[in-house]
Amino acid sequence: MKNTNKIAISLIASCFIAQASWGGGSIDVYDDGLGLKILVDSNVPFLYNGNVYGSNANISPRNKPDDSGNTLTIKDAISSNIVNRLFAGYAYYNDVATANSNTMNINGSITTTKYLEIQGGNVYTSNSSGEASSNKLYINRNIKSNDLEIQGGSVRIHLGDAKANSNIVNINADLDTTFFNNSITGGTSWVNTIGNADASYNTVNINGNIKSAKENIIRGGYANSTETGTATATNNTVNLLSNASFTGSTTISGGYAFVNSIKSTYQDNFDSVAKGNKLNIYSKSIEVKNIQNFEFVNFYLSNDIKADDTILTLTDTISTDLSKSRVGVGLMNGGTPALNVDDKVTLISNLNGILAPTNMTNNISAMQGISQVYDFELSTTDDDDNPTNGVKSIVATTIKKSTNEKQKAINEGAISSSLSAVSSSEQVDSALNAINSLSFNGFGEASSGSMGASSIKSNTGSYVDSNMIGLIAAISKRANDSFIYSAFFEAGYGKYDSFNSFDSGDIKGSGDNSYFGFGLMSKTNLVNNFYIDNSIKFGQVKSDFKSDDFGDSSNKISASFDSKRAYYGLSLGVGNIIELDNRSNLDIYTKLYYTRVGSDSVDMSTNDKFRLDTFNSFIAKLGARYNYEIKESTTLYTGAAYEYEFDAKQKGYNLSYNYEIDPTDMQGSSGSIEAGIKLKPLTNSDRLTLDLGIKGLSGKKEGVSGNVGIEWRL
């Protein structure tokens, strides 16, 4: 059974106001200085003996087998001692009990001189299993208390199995405990007698100052099987984000476990207390007492890092055991250059000793954003005055800095949008081909339109696969017997996939393209069935790009961008229609196309900055089309054409590091064949004319396109 309760607490004037909803009922509770008052009575209020619950589904908070899916929000500041405990979900039962998928948002500061407990999901059951999983806590405002305990999910049972997995605790504010401890745990599972306790896959994110008069205790997972059973606290993650800092004695544990009142240790019980646990550090100058029970310790160097900085300093009077752990180095983003070759950064330091990883990889590659590749050499340092004192720190030295060749994929994303603007010329050509056969009204006016779909592979050095739909709508005017001109609107939308292959691995990208624009076109019929046609157009093309392959096989890095660019295009064609007999003719033509797409500066999601340079396309085309009239209302046609692209390089520039990235290039030849049918009105009362065509391409452009031309007689 899943509840969908929501509760919000706010401070209005001097009264503590709480609102809750569940299944159509609601109550208000406030404090008038003389005690709690219930304005609208309904079963039992959610505020019970100083505890706030995320639901009011049962007669008593101690009679709930399931309390899941609730949302509890503190909206405004609370400065009284009314509340002792906050529970988004609270299940208390003598059988199976669950409190899963609850959410708590602390959006108002809390100040109290009492003990304060905050839990996303809490379960107590006596003789069966219990679970508090997938709960989320968001501490977004400061909390000041006498003693503070925060848990994403907590299960305590007398006999049976307890599980507190996949909970998330987000600390985005400062915590200040004035007398006792700050205790922050992702998930806690506790079995009082016989049973298995599991507190795994939890996450704790610290992004504020954690201050305590005594101790700050931070744990990914805490499992305790008091008598007989197992206790597992693995695959937990603790993230120290950019604003993380600590005041007071602080110990950070990936897992913490007891079995039969005996503490599980890193050396003897690694698989149950440290396996898969991660400590990710995204800041520098962090100082804590010690860290323990992590298999992975990863240091992400920020943009303000400089030579000789220290990331993590440990102040314990005993050593730190990392002998079974792995140390990793990464770079946070690509905003600005971070380090130079031969610069050294102390990753972790403990003057009382470090048992360094026995399998520490000496050389590690890391990327800053998607632009720069850094090669680090890891080493240990000892006491310069007395080397026999052992390892005191682990140091990363930059031994090489290079560019990431996979940046070229950005130009693949850029050229896909440029080519969509180029491809719109196909729709203009379709309209020009049909312009002579338009049925003009008495004012010399006609309307027409066409829609085309294409699936084209553009060989750019690698390739881009595009699927586009385009349309054009035109209003035409016959000025005299030889000259027709039109105003038109064009638009298109499509998706694309790109592919590049490098020595460092393949990279695939994808995205959407769209364009819209306006233009003019005309056709002039000359003597001996010669003609000239031309067009001019302008508009905007939008695109986005994303790839998850900018890193290597062991370190996937995702990046994306959005772009808007202006375009304009020109075309000029000359042709001659040779009458073969009274039913057929041959249209021989040559055309020139020029398309220009403007530049744009884009910010990648990784903070790398790039400029997509101006794109110029110049195409010459020579072709012929054979038309055969089966009957007055039906004409078949087939044709072939050859075109050559003279330019079409998409260049790019890395603005963060001031260098060009490898361009993509569409210069080269393509050939096409086409076939279609035109259906004209049979009588003057018919208004619809259709032109259905299909085209195949090979060469620099490979694929197929189809077109549906429509004329509606005004």
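Here the structure is a predicted model, which is why all the values come from computation and not from measurement.

Reading the values: rules and limits
Residues numbered from 1 in each chain as written. Predicted model: local features only at pLDDT ≥ 70, side-chain atom pairs only at ≥ 80, totals over all residues. Heavy atoms only, no water. Helix = DSSP H or I, 4+ residues; strand = E, 2+ residues; numbered from the N terminus. Buried < 20%, exposed > 50% of the residue type's maximum accessible area, 1.4 Å probe, protein only. Lys, Arg positive; Asp, Glu negative; His and termini not counted. Salt bridge = Lys/Arg side-chain N within 4 Å of Asp/Glu carboxyl O. Contact = heavy atoms within 4.5 Å. Patch = residues over 30% accessible without salt bridge, like charges linked within 9 Å, V, L, I, M, F, W, Y side chains within 5 Å. Areas by Shrake-Rupley, 256 points an atom, 1.4 Å probe, with all protein chains shown as cover. Pairing = 2+ DSSP bridges. Axes fitted to C-alpha atoms, helices over the stretch in contact; angles between N-to-C directions. Polar contact = N/O pair within 3.5 Å; in protein donor to acceptor, adjacent residues only side chain to side chain. Phe/Tyr/Trp six-rings, centres within 6.5 Å; stacked < 30°, edge-to-face > 60°. Lys NZ or Arg CZ within 6 Å of the ring centre and 35° of its normal.

1. Structural notes on the side chain of Arg219
Stage number 1. Positionally, Arg219 belongs in strand β23 (residues 209-225).
Stage number 2. Buried and unpaired, Arg219 has Glu149 as its nearest opposite-charge partner, separated by 7.2 Å.
Stage number 3. Non-local contacts of Arg219, meaning those with residues more than four positions away in its chain, are made with Ile184, Thr185, Gly186, Val204, Ser253 and Tyr256.

2. Notes on a nonpolar patch on the surface
Stage number 1. A cluster of nonpolar residues, Leu526, Val527, Phe530, Ile532, Leu572, Val574, Leu592, Phe618 and Phe646, forms a patch on the protein surface that exposes about 760 Å² of accessible area.
Stage number 2. Elements supplying a minimum of two residues to the nonpolar patch: β44 (530-547) and β45 (559-579).

3. Digging into the sheet that holds strand β32 (residues 310-314)
Stage number 1. Strand order in the open sheet formed by six strands is β29-β32-β35-β39-β38-β37, with mixed pairing between adjacent strands. A strand with exactly one partner marks an edge of an open sheet, and here the two such strands are β29 (286-288) and β37 (363-368). Direction aside, neighbouring strands of the sheet carry axes that sit 20° apart on average.
Stage number 2. Here eleven bridges tie strand β38 (residues 372-382) to strand β39 (residues 391-403), and the two strands are oriented antiparallel to one another.

4. Comments concerning the side chain of Asp66
Stage number 1. Mapped onto the secondary structure, Asp66 falls in the loop between β6 (51-53) and β7 (71-74).
Stage number 2. By relative accessible area, Asp66 is classed as buried at 13%.
Stage number 3. One polar contact links Asp66 to Ser68, side chain to side chain, over a distance of 2.8 Å.
Stage number 4. At 2.5 Å, the side chain of Asp66 forms a polar contact with the side chain of Thr98.

5. Side note on the packing of aromatic side chains
Stage number 1. Per the counting criterion, the structure on display carries 20 aromatic pairs.
Stage number 2. Ring centres of Phe489 and Phe518 lie 5.3 Å apart, and the angle between their planes is 55°; on these two criteria the pair is classed as tilted. One end of the pair, Phe489, is in strand β42 (residues 483-502); the other, Phe518, is in strand β43 (residues 505-525), with 29 residues separating them in the sequence.
Stage number 3. According to the relative accessible area criterion, Phe489 is partly exposed, its value standing at 30%.
Stage number 4. A network of ring pairs unites the aromatic residues Phe87, Tyr90, Tyr92 and Tyr124 as a single cluster.
Stage number 5. Residue placement shows Lys457 over the ring face of Tyr463; its charged tip is 4.4 Å from the ring centre.

6. Things to note about the environment of Ser558
Stage number 1. Looking at the element boundaries, Ser558 is found in the loop between β44 and β45.
Stage number 2. Sequence-distant contacts of Ser558, defined by excluding residues within four places in its chain, comprise Ser547, Asp548, Ser605 and Thr606.
Stage number 3. Polar contacts involving the side chain of Ser558 include one to the side chain of Asp548, which spans 2.6 Å.

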